[in-house]
Amino acid sequence: MKKRIVMIWSLAVTAVLVILLAAEGIEQNRAAENYSEMIQQIKPLDEEKMELHKRLETLEKEYEENIKAQATLELLFTSADREIYTELFPEMKKNSVAGIIALSDEELPNMEGNFIRREFEEMLNEGWSYCLSWNGDGDLESFLNEMEDTFYNISLTMPKAIYFEPGTYSSSYSEILEAHGFNTAVHHGEENLPLIVSRGENEIWEIGAYSFEADDNLDYLEDVRENKGNCVCAVSGQDGLDIYEVFKSYISVFKSGQEKELYKITTFGSARTIHSEADEAKEQYSGKYESEKADLEKRIYELDEQIKDIYYSSK
């Protein structure tokens, strides 16, 4: 009798387990069906999202192509040391990289320790250029008047750009500079001016310089590239001519960056033209670009919300 009762109890337990397993299987099937249905609902929304993201990428590329925004870099040498001609010029020429010489009353061709006029002319013929340099001594206007006479006497055209040594620049000089025909002033961040700029429409284009001696890791080039901006790499031989040897080891780095179109190594005049034209193009294309970008981003947000609703309602 006991065995019969145990058997009946065992069968009953087994029956209950079968029923529970069957129920669990039904729930799993339902869950699978719900999951499959959820996937089918989400799939077209996700595909539309992917297409919208592709369109955003294309829109960004079209905008960049239209405005022709480009990062620019100037390699400025703050003296006329002959080693620039003998040591750097041949290597830079080989790598299709040109520099800018900052001239002053103390740094001119043919002065003791400097390259001679014939060598200077050779550099200019290879794409080099020059600007004026001021160390802050005395009065700026008197200095400019003096340099105008000096340049006239040595048959050099007065440049339109001037480099201010660290700690010497003031935006109050703009009126004097304009009166003497300048359109570009190179500073070192005085008055909290940005070192990297991407606009070129001001009467005096105020652009920042990094000291190569202090920043020879060139980390700032990444910011220049990302912002499609401009900056100056200023190389000084005042702390010893060894800096030219250090700079020489970086010439291939500059060449590589230019070949990869991360930035363009150029003159002050060309850089200003590049950024001024980009400013004009931005005014022409930015309205349409921003409007379409906003519409695409709004639709992507709406799709994300729909996907969330489908997901949570299926749980």
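Preceding this section is the structure that the text describes.
This section reports on the structure supplied with the text.

Parameters and conventions
Residues numbered from 1 in each chain as written. Predicted model: local features only at pLDDT ≥ 70, side-chain atom pairs only at ≥ 80, totals over all residues. Heavy atoms only, no water. Salt bridge = Lys/Arg side-chain N within 4 Å of Asp/Glu carboxyl O. Helix = DSSP H or I, 4+ residues; strand = E, 2+ residues; numbered from the N terminus. Buried < 20%, exposed > 50% of the residue type's maximum accessible area, 1.4 Å probe, protein only. Phe/Tyr/Trp six-rings, centres within 6.5 Å; stacked < 30°, edge-to-face > 60°.

**What to know about the pattern of salt bridges**
This model, assessed by the stated rule, comprises 15 salt bridges. With a closest N to O distance of 3.7 Å, K93 and E126 form a salt bridge. Here E126 lies in the loop between α3 (117–125) and β3 (129–134) and K93 lies in helix α2 (residues 82–94), a separation of 33 residues in the sequence. Residue class for K93 comes out partly exposed when judged on its relative accessible area of 44%. For E222, the salt bridge is made with R225, and the minimal N-O distance between the two is 2.6 Å. Linking E222 with R225, this pair stays in helix α6 (residues 220–226), spanning three residues, or about one helical turn. On the basis of relative accessibility, which here comes to 29%, the residue R225 falls in the partly exposed class. It is possible to trace a salt-bridge network through shared partners that takes in E48, R299 and E302.

**What to know about unusual backbone geometry**
Here S155, not a glycine, exhibits a phi torsion of approximately 60 degrees, which is positive. Along the chain, the position of S155 falls in the loop between α4 (140–153) and β4 (161–164). We classify S155 as exposed; its relative accessible area is 60%.

**Topic: the packing of aromatic side chains**
As enumerated under the stated definition, the model contains 17 aromatic pairs in all. An angle of 80 degrees between the planes, with centres 5.2 Å apart, marks the rings of F77 and F247 as edge-to-face. Within this pair, whereas F77 is found in strand β1 (residues 72–77), its partner F247 is found in helix α7 (residues 242–248), the two being separated by 170 residues in sequence. According to the relative accessible area criterion, F77 is buried, its value standing at 0%. Judged by centre distance (6.3 Å) and plane angle (70 degrees), the ring pair of Y169 and Y173 falls under edge-to-face. Judged by relative accessible area, which is 4%, Y169 ranks as buried.

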